[in-house]
Amino acid sequence: MPAISPALEVTPEAATAALLARIDRTRLPVHVAVIMDGNGRWAEARRLERGEGHAAGVESVRDTVEAAAALGLSALTLFAFSLENWRRPAEEVEALMDLVKRYLKLETGNLIANSIRFRALGRVHELPRDVREMVAETSAATAHCTGLAMNVALNYGGRAEIVDAAREFARRALAEGRVPDLDEGAFSEHLSTRGLPDPDLLIRTSGEMRLSNFLLFQSAYTEFWTTETLWPDFRRRHLSEAVVGFPRRIRRYGGLR
Ligand code: FPP
């Protein structure tokens, strides 16, 4: 069989460029959320420690954030650490906390340069002090940025977020001597995503098809996109692929077309 001429090979970069050229930028999702899954399997397949899978996953975070900003998305929300993740071995939890800290330390300048505003979602007050401080520092340093809103869910659980918001809503009403008067709009302003639009598209890697307690209230009408690709292998071309198909989705919000 004749060898394929190198000139005919389609590189991943060329494939990405072709996909990007096809994107109708006026119909892009505004807010994309991502469940970054498969770091452990990626590491195990290479006989590495699970922490090394998470470390490789940070490269995917960098590439995806850069790509989201370049595509002109308004918001990108990444699920980095759930309330349930504390059940993992202490050394894995420590490795994850270190990676978050190191990422923020190294990337804050880059985020500012690209006008990316950072926010952490979840029970941030329960995180180790050094992580909390780094989160506060990066949030403050990027607060003026008007480009992509980058949200990282840390110590986050969707049910806990709803319960926390309900409790806070009732507490405030009682403090003001009035009966809590709940509606969806006012309630969502008590969630950690306050001010953000609901996600239009939720990406989950590694072939899993679960919501895993992520953005439960906010995902009522979110479109799902899943890939077998493990998170450490996820790159901008995968984000482009997910986003390219989005304008074809017909969203009815329970009504008729
Ligand atoms: C799920 O894979 C992934 C996580 C629990 C952590 C994700 C964190 C990062 C990518 C790094 C830090 C993030 C930032 C924003 C700097 P898993 O371990 O559950 O994989 P498995 O299902 O294959 O075991």
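Placed above this text is the structure.
Residues numbered from 1 in each chain as written. Predicted model: local features only at pLDDT ≥ 70, side-chain atom pairs only at ≥ 80, totals over all residues. Heavy atoms only, no water.

Draft legend 1. Just the sheet that holds strand S3 (residues 117-121), in detail. Reading across the sheet, the six strands line up as S3-S4-S2-S1-S5-S6 and stay open at both edges, with parallel pairing between neighbours. Edge positions in the open sheet fall to S3 and strand S6 (223-226), since each of these has one partner strand only. Taking the axes of each pair of neighbouring strands and ignoring which way they run, one obtains an average angle of 20° across the sheet. Two strands pair when backbone bridges link them, and strand S2 (residues 75-82) and strand S4 (residues 149-156) are joined in this way by seven bridges, in the parallel orientation. Residue pairing across strands places serine 82 opposite tyrosine 156, the latter belonging to S4. Packing of helix H5 (residues 129-142) onto the sheet brings it into contact with S3 and S4, and relative to S3 it is tilted by some 145°. (Pairing = 2+ DSSP bridges. Helix = DSSP H or I, 4+ residues; strand = E, 2+ residues; numbered from the N terminus. Axes fitted to C-alpha atoms, helices over the stretch in contact; angles between N-to-C directions. Contact = heavy atoms within 4.5 Å.)

Draft legend 2. Highlighting H5. Compared with an ideal rise of 1.5 Å per residue, which puts 14 residues at 20 Å, H5 spans 20 Å between its outermost C-alpha atoms and is within 8% of the ideal. The set of residues buried in H5 consists of Val131, Met134, Val135, Thr138 and Thr142. The arc enclosing the buried residues of H5, seen along the axis, measures out at 100°, which places them on a common side. Of the residues in H5, the exposed ones pointing more than 90 degrees away from the buried face are Arg129, Glu137 and Ala140. Among the structural elements, helix H4 (90-113), S3 and S4 are those in contact with the buried residues of H5. (Expected span 1.5 Å × (residues − 1). Buried < 20%, exposed > 50% of the residue type's maximum accessible area, 1.4 Å probe, protein only. Arc of directions from axis to C-beta.)

Draft legend 3. Region of interest: H4. Between the first and last C-alpha of H4 there are 35 Å, a value that for 24 residues agrees with the 34 Å anticipated at 1.5 Å per step. Along H4, the sharpest change in direction is near 50° and occurs at glutamate 107. Those residues of H4 that sit buried are Glu92, Val93, Leu96, Met97, Leu99, Val100, Tyr103, Leu104, Glu107, Thr108 and Leu111. Structurally, H4 contributes buried residues whose contacts are with helix H3 (50-71), S2, S3, H5 and S4. With its phi angle positive at about 55°, serine 115 sits one or two positions after the end of H4. (Bend = angle between axes of the 7 residues up to and from the residue.)

Draft legend 4. Geometry of the layout of surface pockets. Of the voids in this model, the largest pocket is the one considered here, and its volume is about 770 Å³. Surrounding the largest pocket, 36 residues form its lining, Met36, Asn39, Phe79, Ala80 and Asn85 being those nearest its centre. Within the residue set of the lining of the largest pocket, elements represented by two or more residues are helix H2 (39-45), H3, S2, H4 and S4. The calculated volume of the second largest pocket comes to roughly 310 Å³. Along the wall of the second largest pocket there are 20 residues; nearest its centre are Gly122, Asp164, His190, Ser192 and Arg194. Contributing elements (two or more residues each) for the lining of the second largest pocket: S3, S4 and helix H6 (158-175). Residues that form the lining of the second largest pocket fall into these classes: seven nonpolar, six polar and seven charged. (1 Å grid on protein atoms, 1.4 Å probe; cavity = no way out; pocket = protein on both sides within 12 Å on 5 of 7 lines; lining within 4 Å. Points joined across faces, edges and corners; volume = space filled by probe spheres on them. Nonpolar A, V, L, I, M, F, W, Y, C, P; charged D, E, K, R; others polar.)

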